[in-house]
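Structure at a glance
What follows is the residue order along each chain.
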There are 2 protein chains.
Amino acid sequence: MISRTLTADLPRHVGAPVRVAGWVHRRRRLKSVTFLVLRDRSGTAQVVLRSDAAPPPEETVVEVHATVTANPRAPGGVELTSATLVPLSEPASPPPFDLYRPAVSASLPTILDHAPVALRHPLLKARFAVSAAAVAGFRSTLDGLGFTETHTPKIVSSATESGANVFGIDYFGRQAYLAQSPQFYKQALVGVFERVYEVGPVFRAEPHDTARHLAQYTSLDAELGFIEDHHDVMAVLREVLAGMAESVASLGVAVPEVPAEIPELYFADAQAMLGKDEPDLAPADERWLSDWAVREHGSEFLFVTGYPMAKRPFYTHPDPARPAYSNSFDLLFRGLELVTGGQRLHRHADYLAALGDDVEAYDDYLAVFAHGMPPHGGFALGLERWTARLLGVANVREVTLFPRDLHRLTP
Amino acid sequence: MISRTLTADLPRHVGAPVRVAGWVHRRRRLKSVTFLVLRDRSGTAQVVLRSDAAPPPEETVVEVHATVTANPRAPGGVELTSATLVPLSEPASPPPFDLYRPAVSASLPTILDHAPVALRHPLLKARFAVSAAAVAGFRSTLDGLGFTETHTPKIVSSATESGANVFGIDYFGRQAYLAQSPQFYKQALVGVFERVYEVGPVFRAEPHDTARHLAQYTSLDAELGFIEDHHDVMAVLREVLAGMAESVASLGVAVPEVPAEIPELYFADAQAMLGKDEPDLAPADERWLSDWAVREHGSEFLFVTGYPMAKRPFYTHPDPARPAYSNSFDLLFRGLELVTGGQRLHRHADYLAALGDDVEAYDDYLAVFAHGMPPHGGFALGLERWTARLLGVANVREVTLFPRDLHRLTP
């Protein structure tokens, strides 16, 4: 049997017999001829059937033996003629909406309820190629900067990192929790590898039903040692964003320019511009500041730095010049907080002071800092937020294969 | 300030002033001179200190300003002279064992209890570079074969895949479970992308305390559509193993040769050779068969195919010629089952028949097959088993940063 040809490669086989395989994407029966559009992982091809037999329904899996014929009017400039069809697998029921229509007609709940079939729609499927390319760009950038990829526990013994919104697990009869982030582990591993990253699931028992929160999402985490302060972390993040954008651009998807120097706005100055005096930024503030960065700096990315210590986690390093403010940052991208990061405390004594009476709950974490840790910092980037903002989709669920949230545990 | 030089790059800076930074790996105080060995992520360097001051203890984080001087007797051919030391962070307690000794003197429990500092030992740390390189080889091989990387839910609604050894979660007041594998999702995604892979954590509430089981491990999963039978899956796996080995070899680590054609032994023939008539292979059988493959075929890899249907999961595709046996395989590597895989059922009606009265428990899974699925199959490779066997370490815990098992939930 001749080997399978992907539809995207058909123009290189004009005049030759081929075997293609895929799904019946669409059928159109005319008086003397039937046109099938066959879909495979590379694209689609038009198949001309002369037979009088009724063509199989959409989403039937078929193998087609045919000849590649040039036809300037056919999509891609070729079509398949003298075709014989071998059905490999028939659908038991039709899709919940027509996958062959150029636009997606279904609502988000319908798409999510029927994800295994809905995601076959070319527009929906394409989003996940973007997501995969972005992750590849994240990794290749960090690999090039001497980072080591790691895999850390998702089951942890205590809910101490943030204290709230954790999922409990029965762990061989003991109470355990799903990790909300690899924060403690990536810091510990700076002591081993200096520079580490992890791409993996994180879990938040997020009680709010919003367009930007999920109970499980993919976190792109990095942490590095021997930094001067958070600006060294921001410089690595800038390289990572450029690498991710470049990787996505290779798919032919429009990406924003990542400036050589992403503009930085001090938190207190942001408050002054907003005419506010709050300890944190509200979503509306983030949108306003993003617009400002585009207007003033022509940048779709904006660093906000120097958040008040009171609003950052206990491991945050203060700004030595103004200890009520921190060496931390958020990165805003198109109106949304995409990345959070900063310099961490690294001295054992500083952790003892920061934790105060809570010291006992942090035994394992403190042990890390008992053995000499360099100044370090890092960041966490939410993959779904990145892809959603990049593609201009409103809800992170639209760029998650099988989202988990307050209401959704299937499929 | 001049930028930091890694110790591995010092030979390119002979005669020049440099700034290096890292940990005090070892100190040796002689009468008129003190030698420090400085460790960073790239290796170690010898520092010559003329000062009378006591050198800082091992694991102190220091910055060293010095001159690079050629010295054929020093490790790497250079040493750092005219050195001044700036301590960045002092240890609060010594490591649980001497990290500077060439061999690791600590027991496995000591190493695991103190992983954040124990893993700094160059021999222990090096294992994880091997692990990271292997994963990079897995991904790059599959990227080259048109696979799409995916991220699937680790929180699932039912414990139906294998029924036993699952961890329960309180999911917003509902009972949920940690995913034991991405099996159902990767199959569903064959309908979308044809070829998918995932690198991620899987969870087994494994009640046995053995050297080869963990409660969380990193599974390298792949699944592909439009196959003839399981041999197409085995061919992809062969490429993946070769890619992983090549990636590890680039670190200078000795790797086994992956034969162009990995020998295949039919399960029934294996039983005959073993003089047995069992439905599965015992660990001792796997070791014997591995030895046999080395003797007979000069291969450290062996495919055992055609396991009895009775011992494989319900979604396994039977061998059409002998329906009591399956189109499945295990890959043995150095005496251990490293990979399990095979062809899956793809027709809706076949799933209905295979599930019988259990159909209702598999609603979501069945929906996947209602919409036209191609013949497909895949495999799952345990990263820790691979690294352990490759490096010849006895226990998978030795190649896991922070293992989780029946007894261990920290650090």
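Residues numbered from 1 in each chain as written. Chains lettered and ligands numbered in written order. Predicted model: local features only at pLDDT ≥ 70, side-chain atom pairs only at ≥ 80, totals over all residues. Heavy atoms only, no water.

Looking at an unreviewed UniProt entry, one finds chain A named Aspartate--tRNA(Asp/Asn) ligase and attributed to Amycolatopsis heterodermiae. Among the UniProt annotations of chain A, the heading Subcellular location (unreviewed entry) holds the following wording: "Cytoplasm". The record held by UniProt for chain A lists under Catalytic activity (unreviewed entry) the comment "tRNA(Asx) + L-aspartate + ATP = L-aspartyl-tRNA(Asx) + AMP + diphosphate". (UniProt positions renumbered as here; feature names shortened; annotations may be inferred.)

For the rest of this paragraph, the subject is the side chain of S290 of chain B. Note that S290 of chain B resides in helix α7 (residues 283-297). In this structure S290 of chain B touches S299, L332, F333, R334, G335 and L336 of chain B, once residues within four positions along its chain are discounted. (Helix = DSSP H or I, 4+ residues; strand = E, 2+ residues; numbered from the N terminus. Contact = heavy atoms within 4.5 Å.)

Residue and element names in this part refer to chain B. The sheet contact formed by strand β1 (residues 17-29) and strand β4 (residues 61-70) spans seven bridges and is antiparallel. Within β4, the position partnered with A21 by the bridge is E63. Sheet analysis places β4 next to strand β5 (residues 78-89), joined by nine bridges and oriented antiparallel. Its bridge partner being in β5, E63 is matched across the sheet by V86. (Pairing = 2+ DSSP bridges.)

Next up on the list: the pairing of strand β11 (residues 216-225) of chain A. Consecutive side chains of a regular strand alternate in pointing toward one face of the sheet and then the other. Residues and elements named next belong to chain A. For β11, a buried count of 10 out of 10 residues is recorded, marking the element as mostly surrounded by other parts of the structure. Residues of β11 alternate between two faces, with Q216, T218, L220, A222 and L224 on one and Y217, S219, D221, E223 and G225 on the opposite face, all of them buried. Bridge analysis of strand β10 (residues 195-203) against β11 gives nine bridges, and the strand direction is antiparallel. Paired with Y197 across the two strands is A222, which belongs to β11. Strand direction decides the pairing type here: β11 and strand β18 (residues 376-382), joined by seven bridges, are antiparallel. The partner of L224 across the bridge, within β18, is G377. (Buried < 20%, exposed > 50% of the residue type's maximum accessible area, 1.4 Å probe, protein only.)

Below, the discussion takes up the relation of the copies chain B and chain A. For the pair chain B and chain A, the relating rotation is 180°, the translation along its axis is 0.0 Å, and the fit reaches an RMSD of 0.0 Å. Considering both components of the superposition, the chain copies are consistent with a two-fold axis. Within chain B, the C-alpha atom positioned nearest to the axis of rotation is that of I169 of chain B, 2.3 Å from it. Interface overlap between copies is the fraction of interface residues in one copy that are interface residues in the other; for chain B against chain A it reaches 99%, indicating a shared surface. (Least-squares fit on C-alpha atoms with pLDDT ≥ 70 in both.)

Below, the discussion takes up the pattern of salt bridges. Note on pairing: side chains with opposite charge can pair once their charged atoms come close. Enumeration over the complete set of coordinates arrives at 44 salt bridges over all chains. For the salt bridge of R39 of chain A with E59 of chain A, the shortest nitrogen-to-oxygen distance reads 2.9 Å. In this pair, R39 of chain A sits in strand β2 (residues 34-40) while E59 of chain A sits in the loop between β3 (43-49) and β4 (61-70), placing the two residues 20 residues apart along the sequence. Connected via shared salt-bridge partners are R139 and E149 of chain A together with R139 and E149 of chain B. (Salt bridge = Lys/Arg side-chain N within 4 Å of Asp/Glu carboxyl O.)

Our next topic: the side chain of R19 of chain B. Residues and elements named next belong to chain B. Looking at the element boundaries, R19 is found in strand β1. The buried category is assigned to R19, whose relative accessible area is 11%. From its side chain, R19 meets the backbone oxygen of I2 in a polar contact 2.8 Å long. Ignoring anything within four residues of it in the chain, the contact list for R19 reads M1, I2, S3, R4, T5, E63, V64 and H65. (Polar contact = N/O pair within 3.5 Å; in protein donor to acceptor, adjacent residues only side chain to side chain.)

The next thing to look at is helix α6 (residues 267-274) of chain A. Residues and elements named next belong to chain A. Restricting attention to buried positions, one finds in α6 the residues F267, A270, Q271 and L274. Along the long axis of α6, the arc covered by the buried residues comes to 100°, so they all point the same way. Contacts from the buried residues of α6 go to β12 (264-266), α7 (283-297) and β13 (301-305). One or two positions beyond α6, positive phi appears at G275, with a value near 65°. (Arc of directions from axis to C-beta.)

The next subject is the interface of chain B and chain A. Taken together, the 91 residues of chain B in the interface contact 90 residues of chain A. Buried area between chain B and chain A, summed over both chains or domains, comes out near 7,400 Å², and the portion from carbon and sulfur atoms is 63%. Together, F172, H371 and L409 of chain B form the three largest contributors to the area buried by chain B at its contact with chain A, with a combined 10%. Applying the counting rule to chain B against chain A returns six salt bridges. The salt bridge involving R4 of chain B is made with E194 of chain A; its shortest N-O contact spans 3.0 Å. Put simply, chain B and chain A have 41 residue pairs in polar contact (both at pLDDT 80 or more) between them. Here the residues of the side of chain B that touches chain A sort into 49 nonpolar, 20 polar and 22 charged. (Buried area = accessible area lost by both parts, 1.4 Å probe. Nonpolar A, V, L, I, M, F, W, Y, C, P; charged D, E, K, R; others polar.)

Residues and elements named next belong to chain A. By secondary structure assignment, the location of T44 is in strand β3. Between the C-alpha atoms of T44 and H25, which are 19 residues apart in sequence, the distance is 8.0 Å. When neighbours within four sequence positions are excluded, T44 is seen to be in contact with T7, H25, V37, L38 and R39.

Omega for the bond connecting T410 of chain A with P411 of chain A falls within 30 degrees of zero, at -10°, which places this linkage in the cis form. Tracing the chain through its elements places P411 of chain A in the segment after α10 (383-391). The phi dihedral of F172 of chain B is positive, around 50°, even though this residue is not glycine. In this fold, F172 of chain B is placed in the loop between β8 (168-171) and β9 (174-178).

What follows deals with the sheet that holds β3 of chain A. The strand order β1-β2-β3-β5-β4 (chain A) describes a closed barrel built from five strands, whose pairing is mixed. Along the sheet, successive strands turn relative to each other by an average axial angle of 50°, direction set aside. (Axes fitted to C-alpha atoms, helices over the stretch in contact; angles between N-to-C directions.)

In this structure the tally under the stated criterion is 44 aromatic pairs over all chains. Pairing F167 of chain A with Y171 of chain B gives two aromatic rings, centres 5.2 Å apart and planes at 15°, and the pair type is stacked. Taken together, the residues F167 of chain A in the loop between β7 (155-156) and β8 (168-171) and Y171 of chain B in strand β8 connect one chain to another. Neither F167 of chain A nor Y171 of chain B differs from the other in exposure class; each is buried. Their ring planes at 75° and their centres at 4.8 Å tell us that Y171 of chain A and F172 of chain A sit as a pair that is edge-to-face. Note on Y171 of chain A: relative accessible area 0%, which makes it buried. When its relative accessible area of 26% is taken as the criterion, F172 of chain A is described as partly exposed. Ring pairing ties together the aromatic residues F184, F314, Y315, Y351, Y362, Y365 and F369 of chain A, which thus form one cluster. Note that R295 of chain B overlies the ring of W288 of chain B, its terminal NZ or CZ placed 5.7 Å from the centroid. (Phe/Tyr/Trp six-rings, centres within 6.5 Å; stacked < 30°, edge-to-face > 60°. Lys NZ or Arg CZ within 6 Å of the ring centre and 35° of its normal.)

All names here are of chain B. Where helix α3 (residues 122-144) contacts helix α5 (residues 230-249), the two axes come as close as 7 Å, and the packing angle between them is 140°. Classed by the angle they form, the pair α3 and α5 counts as oblique. Read as a crossing pair, α3 and α5 show a hand that is right-handed. Mapping the contact onto sequence places V130, A133, A134, A136, G137, F138, T141 and L142 in α3 and V236, E239, V240, G243, M244, S247 and V248 in α5. Here the contact of α3 with α5 is built from residues that sort into 10 nonpolar, four polar and one charged. (Parallel < 35°, antiparallel > 145°, perpendicular 65-115°, else oblique. Left-handed = near helix turned anticlockwise from the far one by under 90°.)

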